[in-house]
Amino acid sequence: MEQQDSQQIGVNVVIEEGVVIGKNVSIGHNTVILSGTIIGDDVKIGSNCVLGIKRSGNKRMRRDQDAGNQLIIGSHTTIGNIVSIYSGSRIGESCFIGDHASIRENVSVGQDSVIGRAAIVELNTTIGNSCTIQTLAYVTGDTIIEDHVFIGPCVSMSNDKYMGLKEYKMKGPHIKRNAKIGNNATLLPGVVIGENAIVGAGSVITKDVASGNTVVGVPAKSLHKD
Amino acid sequence: MEQQDSQQIGVNVVIEEGVVIGKNVSIGHNTVILSGTIIGDDVKIGSNCVLGIKRSGNKRMRRDQDAGNQLIIGSHTTIGNIVSIYSGSRIGESCFIGDHASIRENVSVGQDSVIGRAAIVELNTTIGNSCTIQTLAYVTGDTIIEDHVFIGPCVSMSNDKYMGLKEYKMKGPHIKRNAKIGNNATLLPGVVIGENAIVGAGSVITKDVASGNTVVGVPAKSLHKD
Amino acid sequence: MEQQDSQQIGVNVVIEEGVVIGKNVSIGHNTVILSGTIIGDDVKIGSNCVLGIKRSGNKRMRRDQDAGNQLIIGSHTTIGNIVSIYSGSRIGESCFIGDHASIRENVSVGQDSVIGRAAIVELNTTIGNSCTIQTLAYVTGDTIIEDHVFIGPCVSMSNDKYMGLKEYKMKGPHIKRNAKIGNNATLLPGVVIGENAIVGAGSVITKDVASGNTVVGVPAKSLHKD
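Computed from a predicted model, the values in this text were never measured in an experiment.

### Some details on the overall build of chain A
Part 1: Within chain A one finds zero helices and 31 strands.
Part 2: The C-alpha atoms of chain A give a radius of gyration of 18 Å, which matches the 17 Å a tight globule of 226 residues would have.
Part 3: Summarising its shape, the C-alpha atoms of chain A cover approximately 60 × 35 × 20 Å along the three principal directions.
Part 4: Counting only residues that meet the buried cut, chain A has 61% of its 226 residues in that class.
Part 5: Within chain A, residue pairs in contact and separated by at least 24 positions form 21% of the contacts whose partners lie at least 6 positions apart.

### Observations concerning the relation of the copies chain A and chain B
Part 1: Taken as rigid bodies, chain A and chain B are interconverted by a rotation of 120 degrees and an axial shift of 0.0 Å, the fit giving an RMSD of 0.0 Å. What we have between these two chains is a three-fold relation.
Part 2: Little of the interface of chain A is mirrored in chain B, where only 19% of its interface residues are also at the interface.

### Digging into the environment of B:Ile97
Residue and element names in this part refer to chain B.
Part 1: Inspection of the secondary structure assignment puts Ile-97 in strand 13 (residues 96-97).
Part 2: Taking the number of C-beta atoms within 10 Å as the measure of exposure, Ile-97 has 30 and is therefore buried.
Part 3: Sequence separation between Ile-97 and Val-83 is 14 residues; the distance between their C-alpha atoms is 7.9 Å.
Part 4: When residues no more than four places from it in sequence are discounted, the contact partners of Ile-97 are Ile-79, Gly-80, Val-83, Ile-91 and Ile-115.

### Here's the deal with the pairing of strand 8 (residues 50-53) of chain B
Residue and element names in this part refer to chain B.
Part 1: Alignment of strand 5 (residues 32-33) against strand 8, held across two bridges, turns out to be parallel. Bridge pairing links Ile-33 to Leu-51 in strand 8.
Part 2: Across three bridges, strand 8 lies against strand 11 (residues 84-86) in parallel orientation. The residue of strand 11 that forms the bridge with Leu-51 is Ile-85.

### Thoughts on the interface of chain A and chain C
Part 1: Taken together, the contact pairs 30 residues of chain A with 37 residues of chain C.
Part 2: Classifying every residue of the side of chain A that touches chain C by side-chain character gives 13 nonpolar, 14 polar and three charged.

### Let's talk about unusual backbone geometry
Part 1: Looking along the chain, the bond that leaves A:Val218 and enters A:Pro219 is cis, with omega of -10 degrees.
Part 2: Position of A:Pro219 relative to the elements: it lies in the loop between strand 30 (214-216) and strand 31 (221-222).
Part 3: Phi is positive for B:Asn24, which is not a glycine, with a value near 55 degrees.
Part 4: Note that B:Asn24 resides in the loop between strand 3 (20-21) and strand 4 (26-27).

### Details of the interface of chain A and chain B
Interfaces are often described in size by the accessible area the parts lose on coming together.
Part 1: Each partner contributes residues to the interface: chain A has 37 residues there, and chain B has 30 residues.
Part 2: When grouped by side-chain class, the residues that make up the side of chain A that touches chain B number 12 nonpolar, 20 polar and five charged.

### What to know about the sheet that holds strand 7 (residues 44-45) of chain C
Part 1: Strands sit in the order 1-4-7-10-13-16-19-22-25-28-30-31 (chain C) across an open sheet of 12 strands; the sheet is mixed. On the outer flanks of this sheet lie strand 1 (8-9) and strand 31 (221-222) of chain C, each paired with one strand and no other.

### Structural notes on the sheet that holds strand 9 (residues 71-73) of chain B
All names here are of chain B.
Part 1: Taking strand neighbours across the sheet as the criterion, the nine strands line up as 3-6-9-12-15-18-21-24-27 in an open arrangement whose pairing is parallel. Of all the strands in the sheet, the pair left with one neighbour each is strand 3 and strand 27 (192-193).
Part 2: As defined by bridge partners, strand 24 (residues 174-175) adjoins strand 27 across two bridges and the pair is classed as parallel. Following the sheet pairing, Ile-175 is matched in strand 27 by Ile-193.

### Notes on the nonpolar core
Soluble globular proteins tend to bury their nonpolar side chains together.
Part 1: Of all hydrophobic cores here, the largest spans 216 residues; its most connected members are A:Val199, B:Val199 and C:Val199.
Part 2: Those residues in contact with A:Val199 that sit more than four places away from it in its chain are A:Ile181, A:Gly182, A:Ala185, A:Ile193, A:Ile205, A:Val209, A:Val215 and A:Ala220.

### Here's the deal with the domain arrangement of chain A
Residue and element names in this part refer to chain A.
Part 1: Taken domain by domain, chain A consists of domain 1 (1-53 + 68-107) and domain 2 (119-226).
Part 2: Here the C-alpha centroids of domain 1 and domain 2 sit 28 Å apart.
Part 3: Each side of the interface is counted separately: domain 1 has eight residues, and domain 2 has eight residues.
Part 4: Its residues placed into classes, the side of domain 1 that touches domain 2 shows three nonpolar, three polar and two charged.

### Description of the environment of C:Ile115
All names here are of chain C.
Part 1: You can see Ile-115 is positioned in strand 16 (residues 114-115).
Part 2: By C-beta crowding, Ile-115 is classed as buried, having 31 other C-beta atoms within 10 Å.
Part 3: Note: C-alpha distance between Ile-115 and Ser-35 (80 residues apart in sequence) is 23 Å.

### Brief notes about the environment of C:Gly164
Part 1: As for its placement among the helices and strands, C:Gly164 is situated in the loop between strand 23 (156-157) and strand 24 (174-175).
Part 2: Among the residues examined, C:Gly164 registers 18 C-beta atoms within 10 Å and is labelled partly exposed.
Part 3: Along the backbone, C:Gly164 and C:Asp208 are 44 residues apart, and their C-alpha atoms lie at a distance of 23 Å.
Part 4: Those residues in contact with C:Gly164, other than ones at most four positions away along the chain, are B:Thr132 and B:Phe150.

Cut-off values and rules
- Residues numbered from 1 in each chain as written.
- Chains lettered and ligands numbered in written order.
- Predicted model: local features only at pLDDT ≥ 70, side-chain atom pairs only at ≥ 80, totals over all residues.
- Helix = DSSP H or I, 4+ residues; strand = E, 2+ residues; numbered from the N terminus.
- Rg over C-alpha atoms; globule rule 2.2 N^0.38 Å.
- Buried ≥ 20, exposed ≤ 12 C-beta atoms within 10 Å, placed from the backbone.
- Contact = placed C-beta atoms within 7 Å.
- Least-squares fit on C-alpha atoms with pLDDT ≥ 70 in both.
- Pairing = 2+ DSSP bridges.
- Nonpolar A, V, L, I, M, F, W, Y, C, P; charged D, E, K, R; others polar.
- Core = buried A, V, L, I, M, F, W, Y, C linked by C-beta atoms within 7 Å.
- Domains from an automatic or database assignment.

Right, dumping it as structure tokens:
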């Protein structure tokens, strides 16, 4: 470990070889930082986290190309307690990652974004700047979330339209700038949510939503006259 | 730490200064008890928990008034494993907090209530006596849940009707005595669920539900002739 | 502990007396293995897990017959990080249990099955071979899931049709071979999903679904002409 001054490291913290930790970093008790993790300046990490996890699986799970061996945490970012983050991902500056959240490999999160408590972000996903992913939201793999997007609590997405039935290139939703998704909405694989669109709480999105449109219901329909 | 006889403290437990622990308390391995936590008699706490967390956030998250620096756990309460609870909250006597649950600051839980496995309770929320909040339910911030309420698994609530678009005083649901909310129901910000009302599983509640009424569907409608 | 050669045990791992660990097992840092846990050969376990938990509760929670004191993990199974599993359950060979998942007592999981990230499996439940239970899915208690079933992300089930109102023998869904349940679907207590049936994303299943049928909507209806 390459250590700097002014760090506050808790009790029973495990820091593996090859970890780089910036200035003025604090790490809570019992947290595990695995090899390949690079932590910027002024980062705060809670207790009982596991950072820098190497991907795993059983024989029925897919194997993508290697996502790389580093987890990079941008400066001024705060990570809560009991969080898990994989290596091969990059968290931007000044983000907040809530307690119990989990972020997989090959994920990029921009700056100033919030990943809520117990929210899950799966592999191969890009999240822009100043996004809010609320509590218990599920961001599936192979998803693109542009800047200033709001994902409400408990929103559910999927990326496998055949539900394991056949070989298929997974495709998650593409959610464009400033779109807002209400709580517990359900998004089907590959749907595109346009800029400034609004999805009502509890809606089921089975097809693309045009920019600026507001949709509600099951299946979701436009509130505007088209 | 002010310790009493008859405690069972696990391996690698971290107990910060200023923690008060009652009689006949057991604490599982690797659990972290942060300063300001006050634990009553006959409390059982599982392994790998973090209790007494101080609130945090990034610049895009709201800052409420200080919720206080103490977490108070009532006597005879049982806390599972891998649980996180913030300081500034009070858990009543004889409660049960399930594994992987998370409770924020400025929350009050009455006595004999159950907060289920992986359930989340956000800040500024009051939960009464003998309530059941089931597994993976999401109780948003600024919510009032009265006594004897049943919240089914995976119920989702929200408190921000503008989804981050404008400044707004957050308001979660108000769920009155004996109301029952079916699994995976969606509650919009500020809705009032009357006494003894029943909300069907998977319903979306967009407006208030009268006392004793049963509602189902998207959006939810009354099963009774009105 | 009865230890074998070729184990890799992390830092601060707690292994209670009476634990049996097979050959070529790796255990991550800060993980807790409680008494009565029996781990097969070639098992990989992540960091900050708690395995072999004894059941608990408060006075308002049910007490079933004793589920036994052993947790058995089959050989070649991989368990992620921050996972909790109870004693009295058996996980088959070559399974994968995702990070933050939780499995209760008296559960049986067949071989080659995947229990996703943050998925929850409640007590008295049987899951067959080669099943996929995706991220954040909730498998309630007293549920039967046969072989080759696909449960999408955030699927919600319940087993208590009176929502705590009266004494009742809990009954979860029965999901038959090869059935597929779309993400965020809601299943009511006791529904039977037939072989090869498909449940659309976001649907609410209030009654049985015939074999080979496809149903969607709230409440779910058949896409086929009946």
